[in-house]
Amino acid sequence: MRAGKTHNGFINLRFVISSVNALILITVFISLLVQADGHSHLNSQTTFDEKLAQADAIRSSQPKKFVKLIKQLNQQTNGITDSQQFSLDYLNIYLLMYQGDLAAAATAAKALINSDTSALLKFRAQIALVNAYGVSQNWTEGLSSLSSMLAELPLIDEKKSYAQGILISAIFYNQIGQYHLGLSYAKKAESISKHGRDQCIAKAQIIESSFKLKQLTSTSPIIEHAISICRINDEPLIINFIHSYVAKLYLENQQQDKALSLLNATLEDTLNTNYSRIIAEYYALLAQAHWLNNNANLTKQFALKVLEYEKKENTTLAKVSAYKLLFEVYRTQKNYELALLYHQKFAIADKLYDSETQAKHLAFQLAEHKSIAQQSKIDLLSQQNALLKSEQALSRANTEKTRLIIMVLALTLAVLTFWGYRLLNAHKLIKKMAEYDALTDIFNRGHFTHVANNTIEYCQSTEQALSVIMFDLDHFKKVNDNYGHACGDWALKKAVMVCQENSRQNDVFARLGGEEFCIILTGCDKRAALKHAEICRLAIANIDTSESGFEFNITASFGITDSDTSGYNLEKLLADADEAAYQAKDLGRNQISIYENEQMSATVIMLEDSPKAT
């Protein structure tokens, strides 16, 4: 989802606090009550029940003490009843969640669901399973578990568990981007919840889904009401969650001073949560507000703080926003090398985040298709029952024909259920094949043209120099003829590998066809390109070919031009660099030739101590 205003070419504000929702999932999860079955027990059993109740009472307010108490209870299980063991198993799911072992928490929840415990505790275990999948972002399994939980919901008489089942549904649907469903369940949870803490969380979910659906303003009464209830119930994390949406509303309306005032006033409370993800998101909002105020230094300061807190590989919009802001700052300061670096990081992160969003939508669509398929299967089975009742009136041939039709329909339903998953895998494979050379794993010619044009356009707009190096392997046909195509493939991959080892991260490297390659160097003139080409030439000439099983020499001829000589036109740059490469071959190969307008000068670089020079 994207929202917000633009400023100095900055992207729209897109800030989803999904990580906070993950923490809210855990927080709601640990608010479920442990119900102890049975009547009076022995004094030792009563003590055990009291400890269970104490652990239940402090699990969200004093998590460290809770963990210590549960560990003690796990060492005191001799002689306890089945009911007490099931209650302890349930609290142990909280322990696993606190320890970050989400897979084990999901396994424990499934075991409890399949046990002989009460229906109410099984239902709570189903809520726990939805929580575990939501926190770990396993959307497909989470939707399946949510569907099972909602199917059991009408059978639950205990009001608090019923209300929390509704609340968990609202949180999960907001997490997966289904905000209409999230708003519907959040409003229902608000109307039936009697517990103040559940009211706090329900209103926070209404605020989030309303914001995403463009139904929220900074003066909406629910904001102050929600903050008041959350403050009474000592929920600072959710208060910060709400404040972040108010700040985003200010930024959307170009009221950056109000946003700064709110964020600065609540930053200390946010830092006190020690929750790195929401701290990073607060810093990202501060960076955006300072950028709207034209304060580049503070923008850079807070954007870099985002990256300090977002060191994991997963992509968040806080990280995407930070990369984009750093690109804008360094471009404004004319530090084009860093600007290009952060622009590339932004492009990759933004693309990854969009892929994650698409994965959420795909999971929801697959779940919808599965639900439709299951309903169709139910209808089909009903039809089959009707056919079975009239089987005595049908001939044997007609009965076999009917069964065949049913099998075909069932197979069709199965194929439709899995088509989305297979289509996604096929799309990923086709995309890789369309952009990368299958042998060397660098850009192919088609994708290279797209990337190269973007790079040239950027260098031209920022008045940066740009060089092009074309090279191909000398006498490569002899390698294929004498040693086989498998050896030739090895030589191509090895040549690319040694060149990549000596290249910069920003260089554009592609295989144009056969043994012909191209490297685009940003921020480099012909002199710098000559040094780089010489490093690559020597690296190729010094390849130890014995690894291939044969002894032979590999050399390459290089041609160089730059934007000062050939301009900022890709076709002209490639043509001139290619002409220079042919000049290097004409001069004897294993050389570097620099294009000089209508006439070229050959720079022969063949060191005597190069063992592979030919």
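In this report, we go over the structure that sits alongside the text. Being a predicted model, the structure only gives us computed values, none of them experimental. Each chain carries its own residue numbering, running from 1 in the written order of its sequence. Per-residue local features of the predicted model are confined to residues with pLDDT of at least 70, and side-chain atom pairs are confined, for both listing and counting, to 80 or more; whole-chain, interface and lining totals are unaffected and use all residues. Hydrogens and waters are ignored; side-chain quantities use all the structure's heavy atoms.

**Considerations on the environment of His 343**
1) Next: On the secondary structure map, His 343 appears in helix H17 (residues 336-389).
2) Next: Each residue's exposure class comes from its accessible area (1.4 Å probe, protein chains only) as a fraction of the maximum for that residue type: buried when under 20%, exposed when over 50%, partly exposed otherwise. Relative accessible area serves as the criterion here: at 30%, His 343 is assigned to the partly exposed category.
3) Next: On a C-alpha basis, the gap between His 343 and Arg 331 in space is 9.6 Å, while along the polypeptide they are 12 residues apart. Going along the chain from the N terminus, every DSSP run of H or I of four or more residues is numbered as a helix, and every run of E of two or more is numbered as a strand.

**A word on the packing of helix H9 (residues 179-192) against helix H10 (residues 196-212)**
What describes two packed helices is the angle between their axes and the distance between those same axes.
1) Next: To get an axis, fit a line to the C-alpha atoms, keeping to the stretch in contact for a helix; angles then go from 0 to 180 degrees between the N-to-C directions. The contact between H9 and H10 brings their axes to 8 Å, and the two run at 150 degrees. Here H9 lies roughly antiparallel to H10, going by the angle between them. In the crossing of H9 with H10, the sense of the turn from one axis to the other is left-handed. Contact residues: H9 offers Tyr 179, Gly 182, Leu 183, Ala 186, Lys 187, Ala 189 and Glu 190, while H10 offers Gln 199, Ala 202, Lys 203, Gln 205, Ile 206, Glu 208, Ser 209, Ser 210 and Lys 212.
2) Next: Here the residues of the contact of H9 with H10 are counted per class, giving six nonpolar, five polar and five charged. Every angle not falling under 35 degrees, over 145, or within 65 to 115 is termed oblique; those three ranges are roughly parallel, roughly antiparallel and roughly perpendicular. Here is the rule for handedness: rotate from the far helix to the near one, and if that takes an anticlockwise turn smaller than a right angle the crossing is left-handed, while a clockwise turn gives right-handed. A contact between two residues is defined here by any heavy atoms of the two lying within 4.5 Å. Under the scheme applied here, ten amino acids are nonpolar (Ala, Val, Leu, Ile, Met, Phe, Trp, Tyr, Cys and Pro), four are charged (Asp, Glu, Lys and Arg), and all others, including Gly, are polar.

**Some remarks on helix H22 (residues 526-541)**
1) Next: Take the number of residues in a helix, subtract one, and multiply by 1.5 Å to get its expected span. Helix length check: H22 (16 residues) gives 22 Å between terminal C-alpha atoms against 22 Å at 1.5 Å per residue, within 8%.
2) Next: When we look at burial in H22, the residues that qualify are Lys 526, Ala 529, Leu 530, His 532, Ala 533, Glu 534, Cys 536, Arg 537, Ala 539, Ile 540 and Ala 541.
3) Next: Two or three places before Arg 527, at the start of H22, stands the capping residue Asp 525, its side-chain oxygen 3.2 Å from that residue's backbone nitrogen. In protein, a polar contact requires one atom able to donate a hydrogen and another able to accept it; more generally it is a pair of N or O atoms within 3.5 Å, and residues adjacent in sequence count only if both atoms are side-chain atoms.

**Brief notes about the state of the cysteines**
Covalent bonding between the sulfur atoms of two cysteines defines a disulfide.
1) Next: By disulfide we mean two sulfur atoms from cysteines, separated by a distance within 2.5 Å. Under the counting rule described, the total for this entry stands at one disulfide.
2) Next: A sulfur-sulfur distance of 1.9 Å marks the disulfide that ties Cys 200 to Cys 230. Handedness of the Cys 200-Cys 230 disulfide follows from its S-S torsion of about 100 degrees: it is right-handed. Of this pair, Cys 200 sits in helix H10 while Cys 230 is found in helix H11 (residues 221-232), placing the two residues 30 residues apart along the sequence.
3) Next: Looking at Cys 230, the relative accessible area reads 0%, which means it is buried.
4) Next: Note on Cys 499: no disulfide assigned, nearest cysteine sulfur contributed by Cys 536 at a separation of 3.9 Å.
5) Next: For Cys 499, a relative accessible area of 0% gives the class buried.

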